[in-house]
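Below are the chains, spelled out letter by letter.
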Amino acid sequence: MTERVYGVTPPISTALPTEAEKRMHQALHEELRAQGTFESRAETEARKKVIAQLEKITTAFVKKATAETQNSFMVREAIGRVFTYGSYRLGVYGPGSDIDTLVVAPKHVTTEQYFRLFPPLLVEMAPSGAITDLTPVPDAFVPIIKFEFSGISIDLIFCSIKGLTQIPEDKSWNLTDNTLLRGLSENEVRSLNGTRVTDEILNLVPEPATFKLALRAIKLWAQRKAIYANIMGFPGGVAWAMLVARVCQLYPKATSAVVVNKFFHIMLKWPWPLPVLLKDIEYNISVTRAPVWNPKLYSSDRNHRMPIITPAYPAMCATHNINRSSKVVIMQELEKGVQVTEEIMTGRAPWKALFTKHTFFTSDFRYYLTVISSSRTKDAQNVWSGFIESRVRVLVNKIENHAAIVLARPFNKGYDRQHRCQNYEQLGDVVNSGSLAYLYKPTPEEEEKVKGEAKTEVKAELINANLKPESVLQDGPVVKPEPDTETATPPPVTAADGAAIKPEPGAESAMPPPAPPPVADGVKKEEVTKNGDGGEQKDGNDDEVKLADIPEKKQELEVFTTNYYIGLQLGKTPASLDLSREVQEWMSMCRSSDLYKEGVNFLAVTHIKNTMLPDDVFEPGEVRPRPPKKKLKRQAPDDSSAQQPTKKSKPVGPALTPAVS
């Protein structure tokens, strides 16, 4: 009987593993457990319970939505289904991993109903306090509801199957049939294809257990090297999974350890932009208008630098976000991976050598750009920072085309911070210049309180994008560096016209003044007892306290920020580097979005040297960069009294001018 051939080419080797390779496989498995990539059985059971509860809530939602437009028979028979995709469905999830989920409904249930009915029903049917950080994002390209369910992060997308009046009750029913895509829009096809692609990957690898362990290793390596984030221009989880799956196809009998070693060799030598395919691309299937990846037909597909193509119809490129800089970084890390895994396979290094942490902040760059997204409320910041995160790579694309920039690399995640300011000048300093002088760290009790509060309101700014809120602060386009984090007194912040930023009319309504102390019946309003309990007023002026003498509690202004860092590698060090045009164009694009609400959301970009990076980007044990020591010139003894001519000092680096706020 002929063995099945996986992939679009024959395998490179079908040799069975040696005893040494088996030992290396066991060592890799033990190291991954030591690194904490596996979660406990109890945590896995908790995930299963959450998914089972989501199934019940989904069916209740479909019945409620059906009742709005259909008869009682349709309501009685209506059900919905929940499918997973991504790392959970692939079986490579770990502690703290989110669950990517898809709600599937019959054709008469609409996306509008999903965002209107599902969030309140979710909170109502879940255990009390189980739902936190509920954030619907209907304006995303693939509309999504984000929340935490009993501490487990859930990303929930939705798709209505246009060809089905009822969802089958058969538990074995799946989404592999291409005809299910008929009549769907492109973003609906993308929603459905998350599960379809995951299932195809598992079906196209010869040994799923070998594939899963090797993928855990590559995921951990990519995360440690900060090259794991599709939204920032690096391969995401599905892309890394397809690369590992391709190596498994080429070495169908190999152990996970061998697959990991061969992964670095093959991907380093891969003749990009030749696409990585797990099976031949399917063309001429007219069930959807969503385009199939075809570089011969579409110029945008020809521009993909490292195309990794999804196996489910319609084939799409999972790495269209990769730019020139991110490709350079990926290739550098692959080359290092070849060297390290060769040492591991020959017994000269342990597996933990492959999983060392990146040096993005400690030694890779001297200059950085800081993108500061901020909002007056946490809910608004959840939406605004997510939007800005999705646009950082656009800024990188603009910057890396500058003649003086060799490489512009974004860090793969943002840093969330909370600030409490005493006045609007301080608030402006935070949102415009990135000041860290007013950082606030919530107490454990406050954090628990926030986690326990169910956030159920669907934000009006996401549903009705045409609302125009009152302006509280203006973002001024003043170019200025990020201030010293140790500066206690921040410099004044100016707006576009050079005037000091002050609260706009209407801002006071958002910040009510503190209430006066309670006054007992029969006591004059301007007089209260010394102990403030409203008791009988005593004789004597010494015991009388005027309301004006009681210090009022200062009203704190709260603001939430998320900072994204972009490392800059310069060519021949220029005397100055002006990126203000690129930054201004990008900021104008972001502010033109319907998600931007003036006075609620703010955006600024500043530059910063490596020696001025904030403390929270460094982990314990890391050595932060230090300013270079200045060399003192030795003077001749007999000429000490002679006056030396003064020379104009030369700057150590370029004078950066990238910041606009």
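Use the structure listed above.
In what follows, the accompanying structure is described. (Residues numbered from 1 in each chain as written. Predicted model: local features only at pLDDT ≥ 70, side-chain atom pairs only at ≥ 80, totals over all residues. Heavy atoms only, no water.)

## As for the nonpolar core
Among the nonpolar cores identified, the biggest contains 103 residues, and F211, W221, F263, F361 and I388 are the most heavily contacted of them. Considering every element that reaches this core, the biggest residue donor is helix α8 (residues 237–250), with ten residues. Other than its neighbours up to four places away in sequence, F361 contacts Y368, F411, Y415, Y565, L613, V617, F618 and P625. (Core = buried A, V, L, I, M, F, W, Y, C linked by side-chain atoms within 4.5 Å. Buried < 20%, exposed > 50% of the residue type's maximum accessible area, 1.4 Å probe, protein only. Helix = DSSP H or I, 4+ residues; strand = E, 2+ residues; numbered from the N terminus. Contact = heavy atoms within 4.5 Å.)

## Comments concerning the environment of G571
Relative to the elements of secondary structure, G571 occurs in the loop between β11 (557–570) and β12 (576–578). Residue classification places G571 among the partly exposed positions, given a relative accessible area of 32%. On a C-alpha basis, the gap between G571 and A404 in space is 5.6 Å, while along the polypeptide they are 167 residues apart. Dropping the residues within four chain positions of it, G571 is found in contact with A404 and V406.

## Some remarks on helix α18 (residues 580–591)
The terminal C-alpha atoms of α18 lie 16 Å apart, and with twelve residues this matches the ideal 16 Å at 1.5 Å per residue to within 8%. All of the buried residues in α18 are E582, V583, W586, M587 and C590. The buried residues of α18 occupy an angular sector of 125° when projected down its axis, which confines them to one face. Its buried side turned inward, α18 meets β6 (367–375), α13 (378–400), β12 and β13 (601–609). (Expected span 1.5 Å × (residues − 1). Arc of directions from axis to C-beta.)

## Digging into the packing of aromatic side chains
Taken as a whole, this structure holds 28 aromatic pairs when the rule is applied. Within the aromatic cluster, the residues linked to one another by ring pairs are F360, F361, F365, Y368, F411, Y415, Y565 and F618. Here the basic side chain of R216 rests over the ring of F38, its NZ or CZ set 4.1 Å away from the ring centre. Positioned over the ring face of Y440 is R420, at 3.8 Å from the centre of the ring. (Phe/Tyr/Trp six-rings, centres within 6.5 Å; stacked < 30°, edge-to-face > 60°. Lys NZ or Arg CZ within 6 Å of the ring centre and 35° of its normal.)

## A closer look at unusual backbone geometry
Here the bond from W272 into P273 is cis, since omega is 10°, no more than 30 degrees from zero. Checked against the element boundaries, P273 lands in the loop between α9 (256–269) and α10 (299–302). Each neighbour pair has its own omega, and for Y313 with P314 the value is -10°, a cis peptide bond. A positive phi is found at A226, a non-glycine position, where the angle reads about 60°. Looking at the secondary structure, you find A226 in the loop between α7 (208–224) and α8. One non-glycine residue, N284, adopts positive backbone phi at about 60°. Within the element layout of this structure, N284 appears in the loop between α9 and α10.

## Considerations on the environment of C590
Turning to its location among the elements, C590 is positioned in helix α18. The exposure class of C590 is buried, given its relative accessible area of 0%. For the pair C590 and V392, spaced 198 residues apart in sequence, the C-alpha to C-alpha distance is 10.0 Å. Excluding residues that lie within four positions of it along the chain, C590 makes contacts with W384, F387, I388, R391, Y596 and L603.

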